[in-house]
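Chain by chain, the residues:
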Amino acid sequence: MLPYPVIAIDGPAGAGKSTVARALARRLGFFLLDTGAIYRSLALFAEQQGVSWADGPRLGSLAEQLPIRFGRGDEDGVVYLADQTVTTAIRTPEVSLGASQVSAHPEVRSMLLGLQRQLSRSGPCVVEGRDIGTVVLPDAPLKIFLTASPEVRAQRRQKELEARGVRADVSDTRREQEERDRRDLTRATAPLKCADDAVLFDTSDRSLEQVIDDLAIIAQTRLSL
Ligand code: DC
């Protein structure tokens, strides 16, 4: 049994997950656990430690001692790796590729399970990822699977990168997205899939406000908030 209300949000990159999860957490006063940031931090940590993104066993050991910490309150959204702030360093296209590669290793996924479960028990939270409703928190009382058309997803991703000052072109973004999707959907351990009991929600033709309004109502009803 989970001690606090938890909302699991899964879906592919560019479906609006990060933006939606953050806005929904803020609306409900919940903590946001961005599990993608954990895989991204591991990819960055591996690079800093000279460990290859292809080396499952060594990545598993690194995952066991991953010195990650999420800021709270005023530092909401800030990610620390030991004493270093890595909030933007983990968002580059290179680290995105690394995160996708490290997340495919079963040693990494099983090692990071405990950490994700422990972090999601610290208070009411929205947990965002790929396998939250299916593997990490299969007993979450509310699971949402967000989708959007591939065109909309690539455009959103590009805007997101540009807003962070990372230059990217739409066709490269689309190609990288397809590559990551293929890897996320076909990996043997915890592939991206919609849980049977998840609410499937397409964000292509809805504004962020509409999505948050709809999801907040679903959350309030399901979780008796
Ligand atoms: O959501 P994101 O783009 O920040 O995720 C980065 C990578 O980590 C992505 O390739 C998928 C992977 N990931 C995962 O396998 N499982 C999760 N729960 C979260 C992210």
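Please read all numbers here as calculations on a predicted model, not as lab measurements. (Residues numbered from 1 in each chain as written. Predicted model: local features only at pLDDT ≥ 70, side-chain atom pairs only at ≥ 80, totals over all residues. Heavy atoms only, no water.)

Draft legend 1. Examining the overall build of the chain more closely. Within the chain one finds 9 helices and 8 strands. At 16 Å, the chain has a C-alpha radius of gyration in line with the 17 Å of a compact globule built from 225 residues. Projected onto the principal axes, the alpha-carbon positions of the chain cover approximately 50 × 40 × 35 Å. Buried residues in the chain amount to 51% of all 225 residues. Counting contacts in the chain only where the partners sit at least 6 residues apart, residues at least 24 apart contribute 75% of the total. Here the chain has roughly 10600 Å² of accessible surface; of this, 51% comes from carbon and sulfur atoms. Charge-centre separation for the chain: the mean point of 29 positive side chains lies 1 Å from the mean point of 31 negative side chains. (Helix = DSSP H or I, 4+ residues; strand = E, 2+ residues; numbered from the N terminus. Rg over C-alpha atoms; globule rule 2.2 N^0.38 Å. Buried < 20%, exposed > 50% of the residue type's maximum accessible area, 1.4 Å probe, protein only. Contact = heavy atoms within 4.5 Å. Areas by Shrake-Rupley, 256 points an atom, 1.4 Å probe, with all protein chains shown as cover. Lys, Arg positive; Asp, Glu negative; His and termini not counted. Charge placed at Lys NZ, Arg CZ, Asp CG, Glu CD.)

Draft legend 2. Inspection of the nonpolar core at higher detail. By size, the foremost hydrophobic cluster in this structure holds 38 residues, and its most contacted members are Ile38, Leu42, Leu66, Phe70, Leu112 and Leu137. Here the element with the most residues in this core is helix 2 (residues 35-49); it accounts for 8 residues. Residue contacts for Phe70: discarding those within four places in its chain leaves Phe31, Leu33, Asp34, Ala37, Ile38, Val78, Val79 and Leu119. Ala21, Ile144, Leu146 and Ile212 belong to the second largest nonpolar core, which has 22 residues in total. (Core = buried A, V, L, I, M, F, W, Y, C linked by side-chain atoms within 4.5 Å.)

Draft legend 3. Here's a closer look at the packing of helix 3 (residues 56-64) against helix 5 (residues 106-119). Following both chains from N to C, one finds helix 3 and helix 5 inclined at 15 degrees, their axes separated by 7 Å at the closest point. As the angle between them shows, helix 3 and helix 5 are arranged roughly parallel. Note on packing geometry: the crossing formed by helix 3 with helix 5 is right-handed. Between helix 3, through Gly56, Pro57, Leu59, Gly60, Ala63 and Glu64, and helix 5, the contact on the second element is made entirely by Glu107, Val108, Met111 and Leu112. Counted by class, the contact of helix 3 with helix 5 contains 6 nonpolar, 2 polar and 2 charged residues. (Axes fitted to C-alpha atoms, helices over the stretch in contact; angles between N-to-C directions. Parallel < 35°, antiparallel > 145°, perpendicular 65-115°, else oblique. Left-handed = near helix turned anticlockwise from the far one by under 90°. Nonpolar A, V, L, I, M, F, W, Y, C, P; charged D, E, K, R; others polar.)

Draft legend 4. Region of the structure containing the site of the ligand. In the vicinity of the ligand, 17 residues are found, and the nearest of them are Thr35, Arg40, Arg109, Arg130 and Asp131. Measuring from an oxygen atom of the ligand, one finds a side-chain N or O atom of Ser103 at 3.5 Å. At 2.8 Å from an oxygen atom of the ligand is found a side-chain nitrogen or oxygen belonging to Arg109. Relative to its unbound accessible surface of 450 Å², the ligand loses 99% to contact with the protein. Sort the elements by how many residues they give to the shell around the ligand and helix 2 lands first, with 4 residues. Across the shell around the ligand, the residue classes tally to 2 nonpolar, 5 polar and 10 charged. (Near = heavy atom within 4 Å. Polar contact = N/O pair within 3.5 Å; in protein donor to acceptor, adjacent residues only side chain to side chain.)

Draft legend 5. Region of interest: helix 8 (residues 170-186). End to end, helix 8 covers 24 Å across 17 residues, agreeing with the expected 24 Å (1.5 Å per residue, within 8%). The complete set of buried residues in helix 8 reads Thr173, Gln177, Arg180, Asp181, Arg183 and Asp184. For helix 8, the angular spread of buried residues about the axis comes to 165 degrees, placing them on one side. Exposed and oriented more than 90 degrees from the buried face of helix 8 are Arg175 and Thr186. Taken together, the buried residues of helix 8 touch helix 2, helix 4 (93-102) and helix 7 (150-163). (Expected span 1.5 Å × (residues − 1). Arc of directions from axis to C-beta.)

Draft legend 6. Structural detail: the state of the cysteines. Scanning all chains against the criterion turns up 0 disulfides. Looking at Cys125, it has no disulfide partner, and the nearest cysteine sulfur is the one in Cys194, 20 Å off. (Disulfide = S-S within 2.5 Å.)

Draft legend 7. Region of interest: the pairing of strand 8 (residues 199-202). Side-chain alternation along strand 8 places Val199 and Phe201 on a buried face and Leu200 and Asp202 on a face that remains uncovered. Here strand 7 (residues 142-147) pairs with strand 8 via 4 bridges, running parallel. Across the sheet, residue Phe145 finds its bridge partner in strand 8, namely Leu200. (Pairing = 2+ DSSP bridges.)

Draft legend 8. Spotlight on the sheet that holds strand 8. Strand order in the open sheet formed by 5 strands is 2-6-1-7-8, with parallel pairing between adjacent strands. Every other strand in the sheet has two partners, leaving strand 2 (31-34) and strand 8 as the edge strands with one partner each. In this sheet, adjacent strand axes meet at a mean angle of 20 degrees when their direction is disregarded. Its contacts with the sheet place helix 2 against strand 2 and strand 6 (125-129), and it is angled at close to 40 degrees to strand 2.

Interpretation in functional terms is not warranted from these geometric data alone.
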